[in-house]
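Next come the chains, spelled out residue by residue.
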Amino acid sequence: MNNNSPVWLTRVLAITFTVALLAAAAGCTVGPKYKQPAYPTPPAFRGADDAAVISQAQGSLGDEQWAQVFREPELQELIRKALTNNYDLRIAAQRILEQQAQVQITRSQQFPTLSVGGTGVGVDIPSISNYTGSSNSISSPIVAGSFSLSAAWNPDFWGLYRKQTEAARWAQRAVRLTLVQEVATTYIQLRALDREVEVTKQTLKARQDSVDLTTRLESGGSVPLSDLRQAEQLLYTASSQLPQLEQQVQQQENALRLLLGENPGPVAHTDPNALQPPPQDLPTGIPSQLLERRPDIQQSEAQLKAANANIGVARAQFFPQLSITASAGVGGNSFSNIFDTNSRTIYGIGSLAQPLFEGGKLRGQLNQAKATDQEMVITYQKTIAGAFRDVSNALIALNKQRVYREQQEKLVAAAQDSVRLARLRYEGGSTAYLEVLTNDTNLFSAQLNLATAQQGEALTLVQLYSALGGGWQ
C-alpha cells in the first residue's frame, strides 16, 4: 500500500507463474513413462507359402490406396460416396472433434489463468437549492473504481485427453477401413446374386423348352404323362427360386444404399469384372508392419497410452494442490483522482492443500488406474494376435477358394455335358426322363455353387487387403 506496491504485485505474479510452471514440470515425472509392450512377432504369415503372393520385400498390399486395389469403376464410385456420406464415418469424425475440444479444455488447465476486470460508479448530486429553494448547496459526488488482475493454476493431466483424441482419430481410420471393406463386400455379393439370377433365368428358358418338347411328345403318344410332369417339376423348381433371388438383390441394394448414407433404392451393379479372380502376385509385407498400419492396433495402443497417463493423474492426487491469487485495485472519491497511485489496494492469497486422509479413496483410484492400464496391455496384445490371425485366414482363403472355384468350374462343365447326353438319349428313346431330370438338377445346383465360389474368391482380395490394414488412406 505504498509507492513500491507495483513492484510487489509484479513479484507476486512472477512467483505465481514460476511455482505453477515448476509444479507442472515436476508433475510430469509423477506418471510412469510409457513403454510399448513386447509381443512375439512371427517371421512370416501362416498361409503365405501356399497362397499366390510375391516376396515380402516388395512392400505390402496394405500400403496401396483403395482405388489401386478395387479398379471397377462402379465400385470406386460407390466407395467415394460412402466415404463422403456414411453415417458411421461422420459420427467418428464428430467424436474426434469432441475429443479435440476436451484437449483444448484440459490444456487450459495446465497453465496459470489470468483475468482482468474493472468497475466504476459515479453519481453527481446536484445543488440541493434546486429542490429546497435554499441558498445552501451541497455537491456530493460518489465515485468508486477498481482494477483487478488475478492468476490461478491447476495440475497437468499428462496428455490424457490428447491420447484419447489420438485413439479417436485411429478409431475413425478403423471405421474408414471397415467401410471400404463393407462396400466392396456388399457390391461383390450383389454381383454374385446377379450371376445367380442370370443362371436361374437361363435354366428357366432351357426347362421351358424341355416342357414344350415333352408336351409335344406326350400329345403324340411317344412319352407317358409322367415325363411331362417331371419336366414341369424342373421348371417350377427354377421359377420358384427366382423371386427369392430377386428379393435378396433388392435387400442387398438397400444395404448398400445405407452404407452410402442414402435411402433405400436401386444401385448400379453391372460391371462384368466384379467376380474376376484376384491377381496372382499379391504382396503381404512382413508381419511387424501390421503394428504400424492396422488402425485397430494403433487405436488400442493410443488407449493404452491414455490409461498409462491416467496413472499419473491418479498419483498426482497424493501431492499438495497449489492455488495462488493476486489482485490489485485503485479508487477515489472523484473521477479526477480515481487512478491516483496513493489510493491503490493490493492483496495476495495463496493456499496449499495436502491430502491427509481420504479413507483409501486416493489409493483405490491409483490401483484402479493401474488395473485399467494392465487391461489395456492385454487388449493391445490381443488386438495384435487377432490381426495376425486375420491375415493368415485371408491367405489361406486366397489359396483354397481359388482351388474350390477351379474344381467347381470342372463340375459345371461335366454337368453340362451330362445334361446334353441325357437329352440326346431321351430324345432317341433310349432312356427315361428321370435321367434328364437328375442331370438337369445337378447342373443347376453346380452353376449356383459356381457363382458362390466366384464370390468367395473375389472376396479374398477384400479380406486380405483389410487384414493388412489397407483402405483407410
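Rules and cut-offs
Residues numbered from 1 in each chain as written. Predicted model: local features only at pLDDT ≥ 70, side-chain atom pairs only at ≥ 80, totals over all residues. Heavy atoms only, no water. Helix = DSSP H or I, 4+ residues; strand = E, 2+ residues; numbered from the N terminus. Buried < 20%, exposed > 50% of the residue type's maximum accessible area, 1.4 Å probe, protein only. Contact = heavy atoms within 4.5 Å. Areas by Shrake-Rupley, 256 points an atom, 1.4 Å probe, with all protein chains shown as cover. Axes fitted to C-alpha atoms, helices over the stretch in contact; angles between N-to-C directions. Parallel < 35°, antiparallel > 145°, perpendicular 65-115°, else oblique. Left-handed = near helix turned anticlockwise from the far one by under 90°. Nonpolar A, V, L, I, M, F, W, Y, C, P; charged D, E, K, R; others polar. Lys, Arg positive; Asp, Glu negative; His and termini not counted. Salt bridge = Lys/Arg side-chain N within 4 Å of Asp/Glu carboxyl O. 1 Å grid on protein atoms, 1.4 Å probe; cavity = no way out; pocket = protein on both sides within 12 Å on 5 of 7 lines; lining within 4 Å. Points joined across faces, edges and corners; volume = space filled by probe spheres on them. Phe/Tyr/Trp six-rings, centres within 6.5 Å; stacked < 30°, edge-to-face > 60°. Patch = residues over 30% accessible without salt bridge, like charges linked within 9 Å, V, L, I, M, F, W, Y side chains within 5 Å. Expected span 1.5 Å × (residues − 1).

Student: I tried to follow the overall build of the protein on my own but got confused; where do I start?
Tutor: Within the protein one finds 11 helices and 6 strands. For the protein, buried positions account for 41% of its 473 residues. Of the contacts formed within the protein by residues at least 6 apart in sequence, a portion of 84% connects residues at least 24 apart. Taken as a whole, the protein presents about 25,300 Å² of accessible surface, with 54% of it coming from carbon and sulfur.

Student: Would you take a moment to explain the packing of helix H10 (residues 361-427) against helix H11 (residues 433-467) for this structure?
Tutor: Helix packing for two helices is described by the angle between their axes and how far apart those axes are. Interaxial distance between H10 and H11 falls to 7 Å at its minimum, and their mutual angle equals 160°. Taken as axis vectors, H10 and H11 run roughly antiparallel relative to one another. Every pair of crossing elements has a handedness; the one defined by H10 and H11 is left-handed. For the contact of H10 with H11, the residue count by class is 20 nonpolar, 11 polar and 9 charged.

Student: Would you explain the side chain of Glu301 in this entry?
Tutor: In this fold, Glu301 is placed in helix H9 (residues 295-316). Buried and without a salt bridge, Glu301 has Lys305 as its closest oppositely charged side chain, separated by 4.5 Å. Sequence-distant contacts of Glu301, defined by excluding residues within four places in its chain, comprise Tyr34, Gln36 and Tyr380.

Student: Would you mind going over the layout of surface pockets with me for this structure?
Tutor: One simple way to see leftover space: roll a probe sized like a water molecule over the atoms. As a volume, the largest pocket reaches approximately 450 Å³. Lining the largest pocket are 24 residues, and of these Gln68, Val69, Phe70, Pro279 and Leu461 sit closest to its centre. Counting residues per element, the ones that place at least two in the lining of the largest pocket are helix H2 (66-69), helix H3 (73-85), helix H6 (160-219), strand S4 (282-283) and H11. With 3 residues, H11 is the single largest residue contributor to the lining of the largest pocket. Residues belonging to the lining of the largest pocket are distributed by class as follows: 16 nonpolar, 3 polar and 5 charged.

Student: I'm lost on the packing of aromatic side chains in this one. Help?
Tutor: Two aromatic rings, taken as a pair, are described by how far apart their centres are and by the angle between their planes. By the definition in use, this model includes 4 aromatic pairs. A centroid spacing of 4.9 Å and a plane angle of 75° characterise the contact between Tyr426 and Tyr433, whose relative ring orientation is edge-to-face. Given the relative accessible area of 1%, Tyr433 is considered buried. Taken together, Tyr39, Phe45 and Phe388 form an aromatic cluster joined through their ring pairs.

Student: Sorry if this is basic, but what is going on with the pattern of salt bridges here?
Tutor: Pairing between side chains becomes possible if they bear opposite charge and their charged atoms approach one another. Evaluation of the coordinates by the stated rule reveals 15 salt bridges. Among the salt bridges present, the one from Arg389 reaches Asp390, with a minimum N-O distance of 2.8 Å. Overall, Asp390 belongs to the partly exposed group, its relative accessible area being 25%. Of the charged contacts in the structure, one is a salt bridge between Glu409 and Arg405, with a shortest N-O distance of 3.4 Å. Of this pair, Glu409 and Arg405 both sit in helix H10, 4 residues apart, which is roughly one turn of that helix. For Arg405, a relative accessible area of 11% translates into the label buried. Several salt bridges share partner residues, and in doing so they unite Arg294, Asp296, Arg389 and Asp390 into one network.

Student: I tried to follow a nonpolar patch on the surface on my own but got confused; where do I start?
Tutor: A cluster of nonpolar side chains, Tyr87, Ile91 and Leu258, forms an exposed patch at the surface whose accessible area comes to about 290 Å². Along the chain, the position of Tyr87 falls in helix H4 (residues 87-108).

Student: Would you mind going over H3 with me for this structure?
Tutor: Residue pairs three or four apart in sequence face the same way in an α-helix, which turns once every 3.6 residues. With 13 residues, H3 extends 18 Å from end C-alpha to end C-alpha; this agrees with the ideal 18 Å at 1.5 Å per step. Those residues of H3 that fall on the buried side of the exposure criterion are Glu74, Leu75, Gln76, Leu78, Ile79, Ala82 and Leu83.

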